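Coordinates in review
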Amino acid sequence: MNRGRIGGCLFFLLSLGYGVAATDIPTLPIDEFEAMNARSLPFVLSGAGMILSLIMLVFPAADSEDGGAKDEVGLLDGYWMVVAALIATVIAYALVLERLGFLLSTALFLAAGFLILGERRWPVVLGLPFALVGTLWLILVPGLDIYLAPGSLLARLFG
Amino acid sequence: MIDGLIIGITTATTPYNLMMVCLGCFAGTFIGMLPGLGPVSAVALMIPVTYGLEPSSGLILMAGVYYGAVFGGSTSSILLNAPGCASTVVTTFDGFPMARSGRAGKALALAAYASFSGGTIAAFAMMIAAPALARVSLGFQSADYFALMVLGLTSITALSGRGKVLPAIMMAILGVMLSTVGTDATSGLPRFTFGRMDLVDGFSFLLLAMATFALAEVLLTVREGVHRQKDAPIDRERLGSMRLSADEIKNVAPAIGRSSVLGFLIGILPGAGATIASFIAYGTERNLARGEAADEFGRGSLRGVAAPEAANNAASTGSFVPMLTLGIPGSGTTAIMLGALIAYGIQPGPRLLVDNPDIFWSVIVSMYVGNVVLLVMNLPLIPYLSKLLSVPRPILVPVIIAFCMIGVYLVSFNSVDILIMAVIAVVAIALRLLGFPMAPMLLGFILGGYLEDNLQRALIINDGAWSFLWERPTTLALSVLTGLILAWPAVSRSVLPRIGAGTRAPLERE
């Protein structure tokens, strides 16, 4: 499957969805007499996106030197599981940040990240995150006077 | 101009701002050395740091990071044959062969001197060109700005390279789509918020920049297995002498001069950037070389290192001209800087010279200082900076990701932004793998709001008629230029090969 066609397909669906969502944009009564309102640009973008996507679907490498011969997809190559694990860790970090607080959640994220990427020296995995995050906390809170909430769960446990 | 220079020198040479230049150059050089993280990522990573600074200090820091990263990219290109950024790919053609033949130190020194020369010549040219362009553009009205925004979007897409024009246009459209999320500036009505309060203010520029250029880039390097690689430590014996003889200087000096001017002129074109400049400069010098000098290209030619290095630094400086004077970024990196300036509440463009001359001139003066710092500070530090390359990737990568997340969190203190960043990074990875460039999306995002506002204003002034596109001479000229730039890829494919038939084939690595 050609990369151009996959991209064209995705963009067509995106532009179509965008155009449909644009119909939900409310308008003011006076917009009837205006040349342009809150929906105008979204409709233009949606139309342009769909037209260009169709061009890309029909001529997937229309402006490519080799006619797209080298564009065959190797999307599954690479360490995808590691990438997915890192992204899951980012999402987990976002979900626990306000509960556990900056210090603990960031240190846990770093430790998890080190483990996912293959670091197995336990002093590094357990000690380095707290050292790094502690230094950063000192720079941000006492140094730059930025307030970082301690975490709702910890506040409830320790008052 | 003299008044402006005095303001600039006074602002840029305060101890605090000098420290910012040094810090920026140092941080940029280190980040630029890391394969996978180029000037765009380096500047994006710095944005949260600059939020606590004065606008002039923040911009000076980011500018230092920018050309520090371009310089740092050449270090890993020469030592590891792994370009730190796209604009230093060409440096590998002759830089790595020089390193392999025991002349790594000479190559690094030459890259430093060429970068210094290119950046200094371009800073001088910018000192003259920028105020002139700013004065011309003071007469612009909404219709002209609209045409200029369209020109900016078109040129960055049309100059994206073969096979990339259509994807670049689509990414620019996606960027404008993302800019419509939030509250419409004119009517105050919500658009694409889906009832969520978190989206009422739209996407923050920092979030988009971090997601697409920092987080996505790092994750792509993980996908390629960078965390499994072990680089050989770099020590002084491997580097060799860093001295250049008088004959060698005489050999490369004309190439540096030509490439600096060429790089600056290419850099001021919105969308062209340092990468194109480095390729064109290398090709030009290769075509100009005769005899033995021509045969050396690709095998360790001094000119082959000097030309792209001078050109990419000159182009990096040149890309500031449209950003500061017209409010149109000249490259992806200056697009990020533009977003940062807007976050400060400062509108780059012709009024910047009038309303904030200290920022305008201090950036120009800081470029002189930054180039000196790069040469004086970084060149002796290269052997030590190179050791930093041996920090294990399993340690470095999570730290960089944590930096991204913390940066985004510190802007809004809303953890939902981190989730949005993760989603956008996943989409950005998918688009990158499908061959879609990111810089046009960022440019579309930044310019989208201005495009809509200026179009609306132009239509109101013109009673809803579109005739403003051809009635105003400036608008007409910009529209015609837009059309020509859009037609350029087709012309270059069909007409130019016939004109150039029989001349020497361009860039082919031997």
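In this text, all values refer to a predicted model and were calculated from it rather than measured experimentally.

1. Digging into the packing of helix α3 (residues 80-100) of chain A against helix α20 (residues 416-433) of chain B
Relative to each other, α3(A) and α20(B) sit at 160°, their axes nearing to 8 Å. Considered as vectors, α3(A) and α20(B) are oriented roughly antiparallel to each other. Contact with α3(A), carried on its side by A:W80, A:I87, A:V90, A:I91, A:Y93, A:A94, A:L95 and A:L97, involves B:I418, B:L419, B:A422, B:V426, B:I429 and B:L433 of α20(B) and no other residues of that element. When its residues are assigned to classes, the contact of α3(A) with α20(B) shows 14 nonpolar, no polar and no charged.

2. Observations concerning the environment of B:G370
Along the polypeptide, B:G370 turns up in helix α18 (residues 357-388). Each residue touching B:G370, except ones within four places of it in the same chain, is listed here: B:V21, B:C25 and B:Y67.

3. Describing the interface of chain A and chain B
Listed as interface residues are 65 residues of chain A and, on the opposing side, 60 residues of chain B. Taken over both partners, the interface formed by chain A and chain B buries close to 5,400 Å², and the fraction arising from carbon and sulfur atoms is 81%. For the pair chain A and chain B, the number of links is 0 salt bridges. Counting across the chain A and chain B interface gives 6 residue pairs in polar contact (both at pLDDT 80 or more). Of all the secondary structure elements, the ones that give two or more residues to the side of chain A that touches chain B are α1 (3-22), α2 (40-58), α3, α4 (102-116) and α5 (122-143) of chain A. Top element by residues in the side of chain A that touches chain B is α3(A). It accounts for 12 residues. Here the side of chain A that touches chain B is built from residues that sort into 46 nonpolar, 12 polar and 7 charged.

4. Re the pattern of salt bridges
Residue and element names in this part refer to chain B. Scanning the entire structure with this criterion turns up 8 salt bridges over all chains. The salt bridge partner of E452 is R191, with a shortest N-O separation of 2.9 Å. One end of the pair, E452, is in helix α21 (residues 439-461); the other, R191, is in strand β2 (residues 190-191), and 261 residues separate them in sequence. In this structure E452 comes out as buried when scored by relative accessible area, which is 5%. Each of D184, R191 and E452 takes part in a single network of salt bridges with overlapping partners.

5. Side note on the nonpolar core
Residue and element names in this part refer to chain B. By size, the foremost hydrophobic cluster in this structure holds 185 residues, and its most contacted members are M126, F320, L324, I336, I401 and M421. Ranked by residue count, the leading element in this core is helix α9 (residues 205-223), at 15 residues. Residues contacting I336, with those up to four places away along its chain left out, are V40, V43, A44, I47, F205, A209, F213 and L442. Of all hydrophobic cores here, the second largest spans 7 residues; its members include I266, A277, A307 and A311.

The rules behind each value
- Residues numbered from 1 in each chain as written.
- Chains lettered and ligands numbered in written order.
- Predicted model: local features only at pLDDT ≥ 70, side-chain atom pairs only at ≥ 80, totals over all residues.
- Heavy atoms only, no water.
- Axes fitted to C-alpha atoms, helices over the stretch in contact; angles between N-to-C directions.
- Helix = DSSP H or I, 4+ residues; strand = E, 2+ residues; numbered from the N terminus.
- Parallel < 35°, antiparallel > 145°, perpendicular 65-115°, else oblique.
- Contact = heavy atoms within 4.5 Å.
- Nonpolar A, V, L, I, M, F, W, Y, C, P; charged D, E, K, R; others polar.
- Buried area = accessible area lost by both parts, 1.4 Å probe.
- Salt bridge = Lys/Arg side-chain N within 4 Å of Asp/Glu carboxyl O.
- Polar contact = N/O pair within 3.5 Å; in protein donor to acceptor, adjacent residues only side chain to side chain.
- Buried < 20%, exposed > 50% of the residue type's maximum accessible area, 1.4 Å probe, protein only.
- Core = buried A, V, L, I, M, F, W, Y, C linked by side-chain atoms within 4.5 Å.

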